[in-house]
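These are the residues of each chain, in order.
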Amino acid sequence: MSRRSRRARKSAGDRESASQEAAAGEAHGRHRRAAGEGAQRRPRPSPVPRIKPEPREPDPFEDTSFVRPYALTSGRTAVNYVLELETLVSAVEDCPPPQTMEQLAILEACRSPRSIAELASRLRMPVGVAKVLVSDAADAALVVVHQTLTGDDQADKQLYVMERVLAGLRKL
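**Q** Help me understand the overall build of the chain, please; the structure alone is not making it clear to me.
**A** In terms of regular secondary structure, the chain is built from 7 helices and 3 strands. Helices (α) and strands (β) of the chain occur, in sequence order from the N terminus, as α-α-α-β-α-β-α-α-β-α. Relative to its 172 residues, the chain shows a buried fraction of 17%. Put simply, 69% of the contacts in the chain that link residues at least 6 apart link residues at least 24 apart.

Right, dumping it as structure tokens:
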């Protein structure tokens, strides 16, 4: 294609926008000349120095943990029980004294039956870590892990549980 045919195809709108851009460029050039483009530039002021906050002492009453979750389980991920998110755990009445602070926290939280998901939330730790710690507490005879229905159980048991849940929801 020749240049002439390309120019012929441009619409009037394209020509208008091109002339507006050219006018804007000229105005910008006038502004730069008026500001003294060739004149010496003033040095920029130095930035204001920022004051660094002093490190504060950790508050002993602040509810934070400095121990990484994997350190609580020594890196273990295997559990000795089938622990789903909905598996209920309850404390044993006459149990031996807990050996660790985590076992004590689990024992206190399980005075009434709690699910694994609730325990993880209450203890503020990942679910995988909570499962390992609950498994350890169950091995130490501090808590009882209640059986849950899994996919391998009979369908009539699962149907019975679902009917009970539906009846409970209707009572609400």
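Now that the structure has been shown, we can carry on.
**Q** Looking at this structure, how should I read the sheet that holds strand S1 (residues 88–91)?
**A** With respect to topology, 3 strands assemble into an open sheet ordered S2-S1-S3, the strand pairing being antiparallel. Sheet topology places strand S2 (114–115) and strand S3 (143–145) at the edges, where each strand pairs with a single neighbour. The pairing of S1 with S3 spans 3 bridges and is classified as antiparallel. Bridge pairing in S3 links Ser90 to Val144.

**Q** Where do I start with the pattern of salt bridges in this structure?
**A** Should the charged atoms of two oppositely charged side chains come close, the side chains can pair. For the structure shown, the criterion picks out 1 salt bridge. Notably, a salt bridge pairs Glu108 with Arg111, separated by 3.5 Å at the nearest N-O pair. A residue is classified by how much of its surface remains accessible, and Glu108, at 46% relative accessible area, is partly exposed.

**Q** Please explain the nonpolar core as it appears in this structure.
**A** Across soluble globular proteins, nonpolar side chains show a tendency to be buried alongside one another. Membership of the largest hydrophobic core comes to 20 residues, with the highest contact counts inside it found for Val89, Ile106, Cys110, Leu119, Met125, Val134 and Val143. Those elements giving two or more residues to this core turn out to be S1, helix H4 (101–109), helix H5 (116–123) and helix H6 (127–139). Other than its neighbours up to four places away in sequence, Val89 contacts Cys110, Ser112, Pro113, Arg114, Ile116, Leu119, Val134, Val143, Val144 and His146.

**Q** How do you make sense of the pairing of S1 when you look at a structure like this?
**A** Looking along a regular strand, one sees the side chains alternate between the two faces of the sheet. In the sheet, S1 pairs with S2 via 2 bridges, with the strands oriented antiparallel. Across the sheet, residue Leu88 finds its bridge partner in S2, namely Ser115.

**Q** Explanation requested: H6 in the structure shown.
**A** Quick reminder: α-helices carry 3.6 residues per turn. Residues three or four places apart thus point the same way. In this model H6 runs 18 Å from its N-terminal to its C-terminal C-alpha over 13 residues, within 8% of the 18 Å that 1.5 Å per residue would give. Every buried residue of H6 is listed here: Val129, Ala130, Val132, Leu133, Val134, Ser135, Ala137 and Ala138. One or two residues past the end of H6 sits Ala141, with phi positive at roughly 65°.

**Q** It is not clear to me how a nonpolar patch on the surface should be interpreted in this structure. Could you clarify?
**A** Judged by side-chain polarity, Tyr160, Val161, Val165, Leu166, Leu169 and Leu172 come together as a nonpolar surface patch covering roughly 640 Å² of accessible area. Within the fold, Leu169 resides in helix H7 (residues 155–171). Looking at Leu169, the relative accessible area reads 53%, which means it is exposed.

**Q** Looking at this model, I keep getting lost on the environment of Ser135. Mind explaining?
**A** Structurally, the position occupied by Ser135 is in helix H6. Residue classification places Ser135 among the buried positions, given a relative accessible area of 2%. Sequence separation between Ser135 and Val79 is 56 residues; the distance between their C-alpha atoms is 5.7 Å. In this structure Ser135 touches Val79, Asn80, Tyr81 and Leu83, once residues within four positions along its chain are discounted.

**Q** Would you take a moment to explain the packing of H5 against H6 for this structure?
**A** Two measures define how a pair of helices packs: the angle their axes make with one another and the distance between the axes. Two numbers describe how H5 lies on H6: the axes approach to 9 Å, and their chain directions differ by 105°. The angle between H5 and H6 places the two elements in the roughly perpendicular class. Between H5 and H6, the contacting residues are Ile116, Leu119 and Ala120 on the first element and Val127, Ala130, Lys131 and Val134 on the second. Looking at side-chain class alone, the contact of H5 with H6 contains 6 nonpolar, no polar and 1 charged residues.

Reading the values: rules and limits
- Residues numbered from 1 in each chain as written.
- Predicted model: local features only at pLDDT ≥ 70, side-chain atom pairs only at ≥ 80, totals over all residues.
- Heavy atoms only, no water.
- Helix = DSSP H or I, 4+ residues; strand = E, 2+ residues; numbered from the N terminus.
- Buried < 20%, exposed > 50% of the residue type's maximum accessible area, 1.4 Å probe, protein only.
- Contact = heavy atoms within 4.5 Å.
- Pairing = 2+ DSSP bridges.
- Salt bridge = Lys/Arg side-chain N within 4 Å of Asp/Glu carboxyl O.
- Core = buried A, V, L, I, M, F, W, Y, C linked by side-chain atoms within 4.5 Å.
- Expected span 1.5 Å × (residues − 1).
- Patch = residues over 30% accessible without salt bridge, like charges linked within 9 Å, V, L, I, M, F, W, Y side chains within 5 Å.
- Areas by Shrake-Rupley, 256 points an atom, 1.4 Å probe, with all protein chains shown as cover.
- Axes fitted to C-alpha atoms, helices over the stretch in contact; angles between N-to-C directions.
- Parallel < 35°, antiparallel > 145°, perpendicular 65-115°, else oblique.
- Nonpolar A, V, L, I, M, F, W, Y, C, P; charged D, E, K, R; others polar.

Fair warning: the whole summary comes from geometry, so function is off the table for now.
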